[in-house]
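# Summary of the model geometry
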There are 2 protein chains.
Amino acid sequence: MNICKFNETVEKWDVFEVEVPGKSDGNPFTDYTIRGTFRGKEETRTVDGFYDGDGVYRVRFMPSFEGEYTFTVEGSFSEEKHSGTFQAVEPSPDNHGMVRVSHTYHFAYEDGTPYYSIGTTCYVWELQAEELQKKTLETLKDSAFNKIRFCIFPKHYDYNLGEPISYPYEGTPMDSSVLTKENFKEYDGCPEGNHFDYKRFNVKHFQHIDDCIRKLMELGIQADLIVMHPYDRWGFSEMSPECDDLYWKYLIARVGAFRNVWWALANEYDLFPKKTLEDWERYARIICEKDVYSHLRSIHNCRPFYDHSRPWITHCSIQRQDLYKGAELVNEWRERYRKPIVLDEIAYEGNIQHGWGNISGQEMVRRFWEAFCRGGYPGHGETYMNKDDILWWSHGGELHGESPERFKFMKKIMDETPAPGLRPMAGEWDEVAAEVDESVPSHKYYLFYYSFMRPSFRDYYFDDETEYEVEVIDTWNMTIENQGIHKGKFRVQLPGREYMAVRIRGVK
Amino acid sequence: MNICKFNETVEKWDVFEVEVPGKSDGNPFTDYTIRGTFRGKEETRTVDGFYDGDGVYRVRFMPSFEGEYTFTVEGSFSEEKHSGTFQAVEPSPDNHGMVRVSHTYHFAYEDGTPYYSIGTTCYVWELQAEELQKKTLETLKDSAFNKIRFCIFPKHYDYNLGEPISYPYEGTPMDSSVLTKENFKEYDGCPEGNHFDYKRFNVKHFQHIDDCIRKLMELGIQADLIVMHPYDRWGFSEMSPECDDLYWKYLIARVGAFRNVWWALANEYDLFPKKTLEDWERYARIICEKDVYSHLRSIHNCRPFYDHSRPWITHCSIQRQDLYKGAELVNEWRERYRKPIVLDEIAYEGNIQHGWGNISGQEMVRRFWEAFCRGGYPGHGETYMNKDDILWWSHGGELHGESPERFKFMKKIMDETPAPGLRPMAGEWDEVAAEVDESVPSHKYYLFYYSFMRPSFRDYYFDDETEYEVEVIDTWNMTIENQGIHKGKFRVQLPGREYMAVRIRGVK
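Keep in mind the model is a prediction, meaning the values are calculated, not measured. (Residues numbered from 1 in each chain as written. Chains lettered and ligands numbered in written order. Predicted model: local features only at pLDDT ≥ 70, side-chain atom pairs only at ≥ 80, totals over all residues. Heavy atoms only, no water.)

### Focus: the interface of chain B and chain A
Taken together, the contact pairs 38 residues of chain B with 38 residues of chain A. Carbon and sulfur atoms make up 57% of the surface buried where chain B meets chain A, a total of about 2,900 Å² over both sides. In this assembly, chain B and chain A are joined by 2 salt bridges. The interface formed by chain B and chain A contains 20 residue pairs in polar contact (both at pLDDT 80 or more). Put simply, the parts of the chain that give the side of chain B that touches chain A at least two residues each are strand 21 (349–350), helix 7 (361–373) and strand 27 (457–461) of chain B. Per element, the largest residue contribution to the side of chain B that touches chain A is 4 residues, and it comes from helix 7 of chain B. Residues that form the side of chain B that touches chain A fall into these classes: 14 nonpolar, 11 polar and 13 charged. (Contact = heavy atoms within 4.5 Å. Buried area = accessible area lost by both parts, 1.4 Å probe. Salt bridge = Lys/Arg side-chain N within 4 Å of Asp/Glu carboxyl O. Polar contact = N/O pair within 3.5 Å; in protein donor to acceptor, adjacent residues only side chain to side chain. Helix = DSSP H or I, 4+ residues; strand = E, 2+ residues; numbered from the N terminus. Nonpolar A, V, L, I, M, F, W, Y, C, P; charged D, E, K, R; others polar.)

Written out as structure tokens, the structure is:
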């Protein structure tokens, strides 16, 4: 028995990592096992470790409680067993733990802080040149976004013909120099010329993913990991079930201890030519078994929704199914699924040829407010044409649109919402009316959104006793006009412009 | 027998009127009958006449053929019979006859000229002060509108508290001086204080209606007569079946011979508290029996549609049921009803407090293009706040919005559409694609509309042989950019702005 003290202390909800040497002959990814058992006063957890190349194995653990932990690491990877102790200490102010479902339709961090999700998508930002990655992180730092969707595997698609900085597997890709924008096509399957060993991970690729997740964590951003996706020319979307399962287990062992990880089983599960529902259900079983922390789990559609009522799905990750209505259906989806509604594809602000990628900033912001005021959580993306073909949606970089500035304004309003968040209430037919989503009403907090409608005034009545403070919010011009205290039945003057909201809060 | 030559000649599709003296004792509206029979080489028609006050009766007839007609007028209204002859002559260039359904989904005048409907609504424009009526007619003259919806009965509603210039019945109304904007309410029934005799028409009211229909005819505008509506404080919406039927027969006798009349049985049939489906079906039977010309017939909803598949309904007069989608559903409604789809309430451009009356000019124009490119026919209305409370929607007057100018531009494009009009074709999911609605394709005429989407380019392919002229249409800025001749697979550059259309016409 090799007894060791690694890091002496680690914050609760941070990563405690055990690094140990082990066998590197054969295929260490398949031939050997490694697992760690972590014991504290309040919990005992056993997790898989993983091979990280060069004869190094790692086991990562996220303590959910403060106090002393002991651990043992064992498996066929080594003749030796390892054990030790560490202290889990009070988290620093920015460490709120994992995000979990709260009050059926919402999210909160493990320490109880509400998490009002406002996401973006940059499918393969982390597989771009280093300079561009840096720019992406800078942009994110200066944004309202607290969640980002991205893929572990590289992406092949229109505007995505370049090679990634690394591949998830050992091997060599097909010659992509023949690909041009003009002859772009989607590959149905693994084209000739790819030579990857789907049982040997490229640890550099995954070390980089670790690093990116950590950087996002530092920015307070959830890493909504798209573990599988169909936009592929390397065969990663059509591996055997054995290789798929190996991949899932490897990934969970590597990144499951990062508190900001969410599992997005797929981008557009329904576009994989060779995967069946049974495959997705099998991956879900693997996650439920191997992810001892129960990170958030979702699966995202192109056309038909996955059955979001499946018990393993923690929240609905939705791509709108209709060209015209999406965010407007949040109420219906809440009622149908009784889970948080996250609009992970609401269409992208931009001007490319595709209808999913060319809405205006106004329309994007409108959809965000519709979603939030209906008790859902919106997500952004951006696809502006650009001579370098660097589109935020896939590559990250800089934002060029008009919506992100408005999200910062919106986020402030979101953050002022009493926990656990908003729910739609029965308002007039021509407004989106929201109140706090609590079973016993304790907050007199109402938010009305008028979308593309342009009323010059609206009348309100709640009760005869309460004094209400009224604010008129211009969601596009980012102004808040305080219209003072009102009581009983009252009228609020509005400017007859689009995109107005009215916030009404009981003050006495 | 009293033999007379009245007007010696009348245009085909114009009104030939016989004026005869008759009994005025008792109640001439109910106690006496009058009918005329008109015989030409190609048709024999018997129509009811009507009492027009001061001992005068009239019978009106619209000849559908050229040539000599003889007629007789008889009934209990007089001991005498009247007869005579007249010549129906070739119509003048602006007289195309009645509008009829053409090719299932479209309209055409009786002479075969396509009629591409582009309507507006001014519910009671004709019951306003004379000066305002004149202004309305001037505005209409300078507009793209070729149809107007308006009511025979006055209207009581928000912004509609004033008295009409006349009432349809003899009697006196309730005291309306007590009504204010603040205490406005809808009356469910006939409030106290009204004393009308629902069996004695006020002929001055109807003479004025005749006059208005004639003035619209001169402007080439269809009079879509809303015969019944629920926004009432005088009891006109809750008369007995006997009085309702008397009203229908009187109105048909009076105005049925005007070629520009359409019968809109109701505005919002479903809001009448006391009318049943059987009532509406009974009115329909009366029209089908008494209107020998078969003017267009429709019935308009507030919430649920009337069953537009009823055989007496010539076209669907639709108020959108959804806040967000309306014009976008024209394809579905075409398939469901196989009749022309007329969007008589698509929401109004304006800024009043109600969601049906505060959309922007852009949104209005967008809905118009959506409707037209999907093979339907849009209708406009306007509700801008104004210190005199004169809103186009109800009172007429002047237009203040940004959409009407764009309708003129659109109307030019509409008028260039080959007969019988457009139908939706299978395009991409993110465009509205239209072609000519003909069973054997003879026109290579395609119109693509991009709505709120902002593509920077689009690719098209029809065939390898034809040369196509491509025009990029900015529906908001009202420009047409000719992008020359293309063949085979080709790309069209677009400005990445909203509200663009592309027209592609085969030229060789």
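### Notes on the environment of Ile148 of chain A
When you line up the elements, Ile148 of chain A lands in strand 13 (residues 147–151). Considering only alpha carbons, one finds Ile148 of chain A and Thr121 of chain A, 27 residues apart in sequence, at a separation of 5.4 Å.

### Here we look at the packing of helix 4 (residues 241–255) of chain B against helix 5 (residues 277–290) of chain B
Residue and element names in this part refer to chain B. Direction vectors running N to C along helix 4 and helix 5 enclose 30 degrees, while the axes themselves pass 10 Å from each other. The pairing of helix 4 with helix 5 is recorded here as roughly parallel in orientation. Helix 5 is crossed by helix 4, and the crossing has right-handed handedness. Contact residues: helix 4 offers Pro241, Asp244, Asp245, Trp248, Lys249 and Ile252, while helix 5 offers Arg282, Tyr283, Ile286, Ile287 and Lys290. (Axes fitted to C-alpha atoms, helices over the stretch in contact; angles between N-to-C directions. Parallel < 35°, antiparallel > 145°, perpendicular 65-115°, else oblique. Left-handed = near helix turned anticlockwise from the far one by under 90°.)

### Focus: the sheet that holds strand 7 (residues 56–61) of chain A
Residues and elements named next belong to chain A. One open sheet holds the 3 strands; their spatial order is 3-7-6, and the pairing between them is antiparallel. A strand with exactly one partner marks an edge of an open sheet, and here the two such strands are strand 3 (16–21) and strand 6 (50–51). As defined by bridge partners, strand 6 adjoins strand 7 across 2 bridges and the pair is classed as antiparallel. Opposite Tyr51, over in strand 7, you have Tyr57 as the bridge partner. (Pairing = 2+ DSSP bridges.)

### Concerning unusual backbone geometry
Residue and element names in this part refer to chain A. Cis rather than trans, the peptide bond between Ala419 and Pro420 has omega equal to 5 degrees. Within the fold, Pro420 resides in the loop between helix 9 (403–415) and strand 24 (422–424). A positive phi angle, near 70 degrees, is found at Trp13, a position not held by glycine. Accessibility expressed as a relative area gives 5% for Trp13, which makes it buried. (Buried < 20%, exposed > 50% of the residue type's maximum accessible area, 1.4 Å probe, protein only.)

### Notes on the relation of the copies chain B and chain A
For the pair chain B and chain A, the superposition axis carries a translation of 0.0 Å, the fit reaches an RMSD of 0.1 Å, and the rotation angle comes to 180 degrees. Accordingly, the operation relating the two chain copies is best matched by a two-fold axis. Most of the interface of chain B is mirrored in chain A: 100% of its interface residues are interface residues there too. (Least-squares fit on C-alpha atoms with pLDDT ≥ 70 in both.)

### Some points on the nonpolar core
Core analysis: the biggest nonpolar cluster contains 266 residues, and Tyr247 of chain A together with Tyr247 of chain B have the highest contact counts within it. In this structure Tyr247 of chain B touches Ile152, Phe153, Tyr169, Phe201, Phe206, Val227, Met228 and Met239 of chain B, once residues within four positions along its chain are discounted. (Core = buried A, V, L, I, M, F, W, Y, C linked by side-chain atoms within 4.5 Å.)

### Regarding the packing of aromatic side chains
The way to describe two aromatic rings as a pair is by their centre distance and the angle between their planes. Using the criterion set out here, one finds 128 aromatic pairs over all chains in the structure. Ring centres of Trp369 of chain A and Tyr449 of chain A lie 5.8 Å apart, and the angle between their planes is 25 degrees; on these two criteria the pair is classed as stacked. With Trp369 of chain A in helix 7 (residues 361–373) and Tyr449 of chain A in strand 26 (residues 445–449), this residue pair connects regions lying 80 residues apart in the sequence. Across the ring face of Tyr105 of chain A, the terminal group of Arg334 of chain A is positioned such that the distance to the ring centre comes to 3.9 Å. Seen from the ring of Tyr157 of chain B, Lys155 of chain B lies directly overhead, with NZ or CZ sitting 5.4 Å from the centre. (Phe/Tyr/Trp six-rings, centres within 6.5 Å; stacked < 30°, edge-to-face > 60°. Lys NZ or Arg CZ within 6 Å of the ring centre and 35° of its normal.)

### Comments concerning the UniProt feature "domain: DUF5060" (unreviewed entry) in chain A
Mapped onto the present numbering, the UniProt feature "domain: DUF5060" (unreviewed entry) falls on residues 9–74 of chain A. Regarding residues 9–74 of chain A, the helix share stands at 6% and the strand share at 53%, and the terminal C-alpha atoms are separated by 22 Å. (UniProt positions renumbered as here; feature names shortened; annotations may be inferred.)

### Examining the pattern of salt bridges
Residue and element names in this part refer to chain B. Counted according to the given criterion, the structure contains 101 salt bridges over all chains. Residue Arg214 is joined to Glu17 by a salt bridge in which the shortest nitrogen-to-oxygen separation is 3.9 Å. Note that Arg214 is positioned in helix 3 (residues 203–218) and Glu17 in strand 3 (residues 16–21), a separation of 197 residues in sequence.

### Some details on the state of the cysteines
Counting across every chain of the model gives 0 disulfides over all chains. Between Cys373 of chain A, a cysteine without a disulfide, and Cys316 of chain A, which holds the nearest cysteine sulfur, the sulfur-to-sulfur distance is 19 Å. (Disulfide = S-S within 2.5 Å.)

### Let's talk about helix 3 of chain B
Helix length check: helix 3 of chain B (16 residues) gives 23 Å between terminal C-alpha atoms against 22 Å at 1.5 Å per residue, within 8%. With its phi angle positive at about 75 degrees, Gly220 of chain B sits one or two positions after the end of helix 3 of chain B. (Expected span 1.5 Å × (residues − 1).)

### Points about the pairing of strand 11 (residues 106–109) of chain B
Residues and elements named next belong to chain B. Burial of the side chains of strand 11 extends over both faces: His106 and Ala108 are buried on one face and Phe107 and Tyr109 on the other. Across 4 bridges, the pairing between strand 10 (residues 99–102) and strand 11 is antiparallel. In the strand pairing of strand 11, Val99 is matched with Tyr109. Remark: 3 residues form the turn of the hairpin made by strand 10 and strand 11, two consecutive strands paired antiparallel; His103 in that turn has positive phi of roughly 50 degrees.

### Brief notes about the packing of helix 7 of chain A against helix 9 of chain A
All names here are of chain A. One can describe the packing of helix 7 onto helix 9 by two numbers: an axis separation of 9 Å at closest approach and a directional angle of 20 degrees. The angle between the axes of helix 7 and helix 9 places the two elements in the roughly parallel class. Crossing of helix 7 over helix 9 shows right-handed handedness. Side by side, helix 7 and helix 9 meet where Gly361, Met364, Val365, Phe368, Trp369 and Phe372 of the first sit next to Ser403, Arg406, Phe407, Met410, Ile413 and Met414 of the second. Of the residues in the contact of helix 7 with helix 9, the class split is 9 nonpolar, 2 polar and 1 charged.

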